[in-house]
Amino acid sequence: MTTPTPAARKVVVVSAGLSQPSSTRLLADRLASAVVAAGASRGVAVELEAVELRDRAHDLANALVTGFPAGDLRAAVDTVGSADAVVAVTPVFTASYSGLFKSFVDVLDPESLVGVPVLVAATAGTARHSLVLEHAMRPLFSYLRAVVVPTGVYAASEDWGVGDSAGSALDERIDRAAGELADLLAGLPAAAARRAATVDPYEEPTAFADLLQQHSGQQL
Amino acid sequence: MQFGIFSVGDVTRDPTNDRTPTEAERIKAMVTIAFKAEEVGLDVFATGEHHNPPFVPSSPTTMLGFIAARTERLILSTATTLITTNDPVKIAEDYAMLQHLADGRVDLMMGRGNTAPVYPWFGQDIRNGIPLAIENYHLLHRLWREDVVDWEGRLRTPLQSFTSTPRPLDGVPPFVWHGSIRSPEIAEQAAYYGDGFFANNIFWPKEHFQRLIELYRRRYEHYGHGSADQAIVGLGGQVFMRARSQDAVREFRPYFDVAPVYGHGPSLEEFTAETPLTVGSPQQVIDRYAGMREHFGDYQRQLFLVDHAGLPLKTVLEQLDILGEEVVPVLRKELAAGRPAHVPEAPTHASMKAARNAAAADAPGEGSEAATDGTESGDTAADEVRVEVVTR
């Protein structure tokens, strides 16, 4: 490349796998590599950051009780808050995302993913729960006003087999989803620039005269 | 610098003996704690206001009136007065009455209240929390400063030719703090009026409150009440002390572990690292709180929560002895050292009355004299109203 390389885009990979090693982590790593490759083919340098929720389980329980993320969890929340794009991968527990995964989403600033491209993915023992992506993951991120890419990636145990059909189908879905995410990344200004354009109420509060006027219709 | 205590007024089981005080015991314990605060040389007692179990203080002026009758020096305050669900007219009347009975030893801290069902119980809606706080306080502010008020707002029935009685003692309304844990709008409100801002920082890390207080200070200056470092800031805190720090930790941990709000969550060590909770020797408490101004600037009022987590009355009284004898005298000295001369004390009835008189004698309607001692100030529309009234 002869043109100056633009700053790398930060893609945060959130994984809620519990076992060691976990198929959720495995899928997250596959997706991460695919996003880097898809970014490279579009001239977008990708910098990966992994958030492993298993390591934050205790902090998450504390945050539910105290109302604030402490220690390393705060760093994880800040990491997601500064992401250019997010890859979110959860195991399916009892017909939905896992409680650990949802607990993490619950401690995020509800504004932190507005307009952020998100790739949703899930793992489970069977293919029967694959619509979890559509009835749980997608609405969750839609609520947060994230931009969820059309292809969600679901990997059941059988998808990890080496057979021609199953294995290659998973590869295709991973590449397609990563490509969709990279397309969005390539077309968006960097998160830092977008966030800089939003008004921080601590920096620029609504002037009191406006507060009073909207509420009582009275002039000061 | 004022030091005091604030009480939530919760009825909480003592986890070490499984005993839950009755409401009667808790109410009497709260007033006993207030008397003790005066006895050990603290400046302020502030009661919470709640309208649901397990809390007892639903009627703050009844309690504070009783305490006023049996104390001489203690400033009686609230933490907080619900500006959202109380009628501002009734707040104006109740606290002016208390002010007369307590010879001016009264101020208030406005708060919104975060218990959703309390709003409909009083005919309100929590989604209107900020509008209620803004509009109700604006009316309250006028009721204390204008003898006859015509009012029409969005959220309360209109008033025509209404006079709130009794009028504030000496024509000087009680000083008001605005308490908030998260809302920039409330910091803006406190700054606009030149009122105090109390950051109730006891449950969250300091970084959040630094932003809120910085905003309040900056806007206080913007509205012409003085420089940012002259803004009137209050902070919360919670402590548990024994002569030896390991004794404090051993005694307090069973209370901490199951306490309402943070119990069954982080460890005592994690929570003390993240919040102002300090469990240890008096010296550890002194060191921690002497350092607060490094995070928040020189401030005017420090309130401690001591009767929490189901601690028995006897223990709370011992805590107050330690606070009054060993901690606060040292903190007063340490915080006075290096405090710039232009940083004001928290306004009191006496200081506001003196400032008002000085301003009236000097230049009616201008208030420049008052601004120099930082307790009153001059050039917002709201202050002009006040000056007109008091110099009438």
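Sequence order as written defines residue numbering, which begins from 1 separately in each chain. Written order decides the labels, with chains lettered from A and ligands numbered from 1. Side-chain atom pairs in this predicted model are given and counted only at pLDDT of 80 or more, local residue features only at pLDDT of at least 70, and totals for whole chains, interfaces and linings cover all residues.

Quick word on unusual backbone geometry
All names here are of chain B. The criterion, for reference: Secondary structure is summarised from DSSP: a helix means a run of H or I of at least four residues, a strand means a run of E of at least two, and numbering begins at the N terminus for each. The burial label depends on the number of other C-beta atoms within 10 Å of a residue's C-beta. Counts of 20 or more mean buried, 12 or fewer mean exposed, and intermediate counts mean partly exposed, with C-beta atoms placed from the backbone.
Residues P53 and P54 are joined by a peptide bond in cis, for which omega reads 5°. In this structure, P54 sits in the loop between β2 (44–47) and α2 (60–69). Cis rather than trans, the peptide bond between A79 and T80 has omega equal to 10°. Unusually for a residue other than glycine, A309 sits at a positive phi of about 65°. Here A309 lies in the loop between β13 (301–304) and α12 (313–336). Under the C-beta neighbour-count criterion, A309 is labelled buried, with 23 such atoms within 10 Å.

Comments concerning the environment of S59 of chain B
All names here are of chain B. For S59, the location among the structural elements is in the loop between β2 and α2. Judged by local crowding, S59 falls into the partly exposed class, with 14 C-beta atoms found within 10 Å. For the pair S59 and G48, spaced 11 residues apart in sequence, the C-alpha to C-alpha distance is 9.4 Å.

So, the interface of chain A and chain B
We apply this condition: By definition, residues are in contact whenever their C-beta atoms, placed on the basis of the backbone, come within 7 Å of each other. Any residue outside Ala, Val, Leu, Ile, Met, Phe, Trp, Tyr, Cys, Pro, Asp, Glu, Lys and Arg is labelled polar, Gly included; the first ten of those are nonpolar and the last four are charged.
At the interface, 19 residues of chain A touch 24 residues of chain B. Mapped onto the side of chain A that touches chain B, the elements with two or more residues apiece are α2 (57–66) and α8 (208–216) of chain A. Broken down by element, the side of chain A that touches chain B gets its largest block of residues, five residues, from α8 of chain A. For the side of chain A that touches chain B, a count of residues per class yields 11 nonpolar, eight polar and no charged.

Concerning the pairing of strand β1 (residues 9–15) of chain A
Residue and element names in this part refer to chain A. We count it as follows: Strand pairing is assigned whenever DSSP identifies at least 2 bridges connecting the two strands. Every crossover in which the path from the first strand over the helix to the second runs clockwise, viewed with the strands pointing away from the viewer, is termed right-handed.
With seven of seven residues buried, β1 lies mostly within the body of the structure. On β1, burial covers both faces: R9, V11, V13 and S15 on one face and K10, V12 and V14 on the other are all buried. Looking at chain direction, β1 and strand β2 (residues 46–52) are connected through seven bridges and run parallel. When the bridges of β2 are listed, V13 appears paired with A50. Between the parallel pair β1 and β2, the chain is carried across by helix α1 (residues 23–41), and the sense of this crossover is right-handed. Direction of pairing for β1 relative to strand β3 (residues 85–93): parallel, over a ladder of five bridges. The partner of V11 across the bridge, within β3, is A85.

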